[in-house]
Amino acid sequence: MKQEYTLTAYTEDQMGLIHQLAVILSRRKISLVTLNISTCEIDQMYRFTFVLNETFEIVRNIALQIEKIIEVFKCYYSTNDQIVWKQMALFKIKTSGMMHPENIDGLFKKYNARYIIIEKDYTVFEVTGQEDEINTLALELNKFELIEFIKSARIAVAMNNESFQPESIMD
């Protein structure tokens, strides 16, 4: 049965991984749900976090293929209940849409929103949360004259006290 999996790969070569990952997934006709590339806790290494909606067998094979074909140190895969994950979103609404503060204040409290900038014509704020929470807020903000909305890719850490150690792979 298909479900959402978060894969995390550690590499020193970020450009090579993007290309190779695209090749592996396109050959299997698999779409990425999200992709995040960032520096990580290890100096001069990158952490790729990407989300797929596939079966366990396919995800396991993709992770093994990534480790074998692409120059990565390690590729982990996890279900949503094995990780702590969040996304961040920026929302821009018309400032005039905020004329009923009791309504918008309730939403801001419910979603722990934080103002970034308030201008005469528009207001920008941020929210951090799960994807479904962010999508629900976007729908609710349409009645407050939502102008623009964008959310980040998923960031995640494993729900254990371990971390990737490249020395263990190099020994």
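For the structure, check the block above.
Residues numbered from 1 in each chain as written. Predicted model: local features only at pLDDT ≥ 70, side-chain atom pairs only at ≥ 80, totals over all residues. Heavy atoms only, no water.

A. Summary view of the nonpolar core. Core analysis: the largest hydrophobic core is formed by 18 residues, its most contacted members being Leu7, Phe50, Leu52, Ile62 and Ile66. Of all the secondary structure elements, the ones that give two or more residues to this core are β1 (3–11), α1 (14–27), β3 (46–54) and α2 (56–69). Those residues in contact with Ile62 that sit more than four places away from it in its chain are Leu7, Leu25, Arg28, Ile30 and Leu52. Formed by 16 residues, the second largest nonpolar core is a distinct cluster that contains Met98, Ala113, Ala138 and Phe144. (Core = buried A, V, L, I, M, F, W, Y, C linked by side-chain atoms within 4.5 Å. Buried < 20%, exposed > 50% of the residue type's maximum accessible area, 1.4 Å probe, protein only. Helix = DSSP H or I, 4+ residues; strand = E, 2+ residues; numbered from the N terminus. Contact = heavy atoms within 4.5 Å.)

B. Region of interest: the sheet that holds β3. The strand order across the open sheet built from 4 strands is β2-β3-β1-β4, with neighbouring strands paired in antiparallel fashion. The two strands at the open ends of the sheet, each matched to only one other strand, are β2 (34–39) and β4 (74–79). Strand after strand, the sheet turns through a mean of 20 degrees between neighbouring axes, direction not considered. Bridge analysis of β2 against β3 gives 6 bridges, and the strand direction is antiparallel. (Pairing = 2+ DSSP bridges. Axes fitted to C-alpha atoms, helices over the stretch in contact; angles between N-to-C directions.)

C. Representation of the packing of aromatic side chains within the structure. For the structure on display, the rule yields 6 aromatic pairs. When the ring of Tyr10 is compared with that of Tyr76, the centres are 6.3 Å apart and the planes differ by 90 degrees; the resulting orientation is edge-to-face. Of this pair, Tyr10 sits in strand β1 while Tyr76 sits in strand β4; the two residues are 66 residues apart in sequence, bridging distant segments of the chain. Its relative accessible area of 4% is what places Tyr10 among the buried residues. When its relative accessible area of 34% is taken as the criterion, Tyr76 is described as partly exposed. Aromatic ring contacts, followed pair by pair, group Phe91, Phe108, Tyr115, Phe125 and Phe149 into a single cluster. The residue whose ring lies beneath Lys74 is Tyr76, and the NZ or CZ to ring-centre distance is 5.7 Å. Between the NZ or CZ atom of Lys92 and the centre of the ring of Tyr122, over which it lies, the distance is 5.3 Å. (Phe/Tyr/Trp six-rings, centres within 6.5 Å; stacked < 30°, edge-to-face > 60°. Lys NZ or Arg CZ within 6 Å of the ring centre and 35° of its normal.)

D. How the structure looks around helix α4 (residues 131–141). For α4, every residue scored as buried is listed here: Ile134, Leu137, Ala138 and Leu141. For α4, the angular spread of the buried residues around the axis is 105 degrees, confining them to a single face. Those residues of α4 that are exposed and angled more than 90 degrees off the buried face are Asp132 and Leu139. (Arc of directions from axis to C-beta.)

E. Summary view of α2. Taking 1.5 Å per residue, 14 residues should reach 20 Å; α2 reaches 20 Å between its end C-alpha atoms and fits that length. Residues Val59, Ile62, Ala63 and Ile66 constitute the buried set of α2. Taken end-on, α2 shows its buried residues confined to a sector of 100 degrees, consistent with a single buried face. (Expected span 1.5 Å × (residues − 1).)

F. The arrangement of the side chain of Glu54 in detail. Mapped onto the elements, Glu54 comes out in strand β3. Those residues in contact with Glu54 that sit more than four places away from it in its chain are Met1, Lys2, Gln3, Tyr5, Ile30 and Val59.

Function-wise, these values are silent; they only describe arrangement.
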